[in-house]
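Take a look at the letters that make up each chain.
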Amino acid sequence: MEKSPLKMNLLQSRHWVFDLDGTLTVAIHDFAQIRSLLGVPEGCDILGHLDALPEPEAAAAKALLVSIEEELAGRTEPAEGARELVQLLHLRGARLGVLTRNTREIALKTLGRIGLMPFIAADDVLGRDDALAKPDPDGILKLACRWGVSPAALVMVGDYAFDLLTGRAAGAGTIHVDPARSFRWPELSDIAVGSLTELALALA
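What counts and what doesn't
- Residues numbered from 1 in each chain as written.
- Predicted model: local features only at pLDDT ≥ 70, side-chain atom pairs only at ≥ 80, totals over all residues.
- Heavy atoms only, no water.
- Helix = DSSP H or I, 4+ residues; strand = E, 2+ residues; numbered from the N terminus.
- Buried < 20%, exposed > 50% of the residue type's maximum accessible area, 1.4 Å probe, protein only.
- Contact = heavy atoms within 4.5 Å.
- 1 Å grid on protein atoms, 1.4 Å probe; cavity = no way out; pocket = protein on both sides within 12 Å on 5 of 7 lines; lining within 4 Å.
- Points joined across faces, edges and corners; volume = space filled by probe spheres on them.
- Nonpolar A, V, L, I, M, F, W, Y, C, P; charged D, E, K, R; others polar.
- Domains from an automatic or database assignment.
- Axes fitted to C-alpha atoms, helices over the stretch in contact; angles between N-to-C directions.
- Parallel < 35°, antiparallel > 145°, perpendicular 65-115°, else oblique.

**Q** What am I meant to see in the environment of Lys 109 here?
**A** Residue placement: Lys 109 occurs in helix H6 (residues 104-113). What makes Lys 109 partly exposed here is its relative accessible area of 44%. Counting along the chain gives 36 residues from Lys 109 to Ala 73, while the straight-line C-alpha distance between them is 7.1 Å. Setting aside anything within four residues of it in sequence, one finds Lys 109 in contact with Glu 70 and Ala 73.

In structure tokens, the structure reads:
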């Protein structure tokens, strides 16, 4: 990775926010199948579609989504370099948060399973019931307020456009992690890496 002044500044940040599924964990969600099970049209945002349903249809669909997410959380694994990167940042005294479109409870279960809970305060894990869902910047703004810094001091790390859009909307730095190295959203990414291992090496 070529280290420009902008990249060097981002890598020295002491306030990091991570997406969970597909970023800190190996991507195992089959969103096409999840949409099919929930009756969500292809291409529609799952959470947005469920929010628009009438009650009690919405409640039933959301309960099914939680059951799907719980099953996935039970077999998730850490992404390449996740533990090393998080431990490195923790040792450097960085504040670490997680912003996910999952529920907070499932996020905490997942972080426990992949061994990251010792390094991330539970109060700094925000799910879809704690902040407006990505790509809304609400979650980053709440973490910045909690940490007593400007949103511009934060770095958002994620594998999908929603993560990068969230960072951009909040004025935070953005890091795109893409194991396929296709890097589909260069206009939204300040740094692009193929793995968290690569990111950890850039910090070394």
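Moving on from the coordinates now.
**Q** Is there a simple way to explain empty space enclosed by the protein in this structure?
**A** One water molecule sets the probe size; rolling that probe over the atoms shows where empty space is left. Here the structure, examined in full by the defined rule, presents 1 cavity of 30 Å³ or more. Contributing to the lining of the largest cavity are Asp 21, His 29, Glu 69, Leu 72, Ala 73, Thr 76, Asn 102, Ile 106 and Thr 110. Listing elements by their share of the lining of the largest cavity, those giving two or more residues are helix H4 (57-73) and H6. When residues in the lining of the largest cavity are grouped by element, the largest group, 3 residues, is from H4. Looking at side-chain class alone, the lining of the largest cavity contains 3 nonpolar, 4 polar and 2 charged residues. Formed jointly, the lining of the largest cavity draws a minimum of three residues from each of two domains, domain 1 (5-26 + 77-203) and domain 2 (31-74).

**Q** I tried to follow the packing of H4 against H6 on my own but got confused; where do I start?
**A** Packed helices, taken two at a time, are described by the angle between their axes plus the distance between the axes. The interhelical angle for the contact between H4 and H6, taken along N-to-C directions, is 10°, at an axis separation of 10 Å. In terms of orientation, H4 and H6 fall into the roughly parallel class. Side by side, H4 and H6 meet where Val 66, Glu 69, Glu 70 and Ala 73 of the first sit next to Ile 106, Lys 109, Thr 110 and Arg 113 of the second. Considering only residue class, the contact of H4 with H6 consists of 3 nonpolar, 1 polar and 4 charged.

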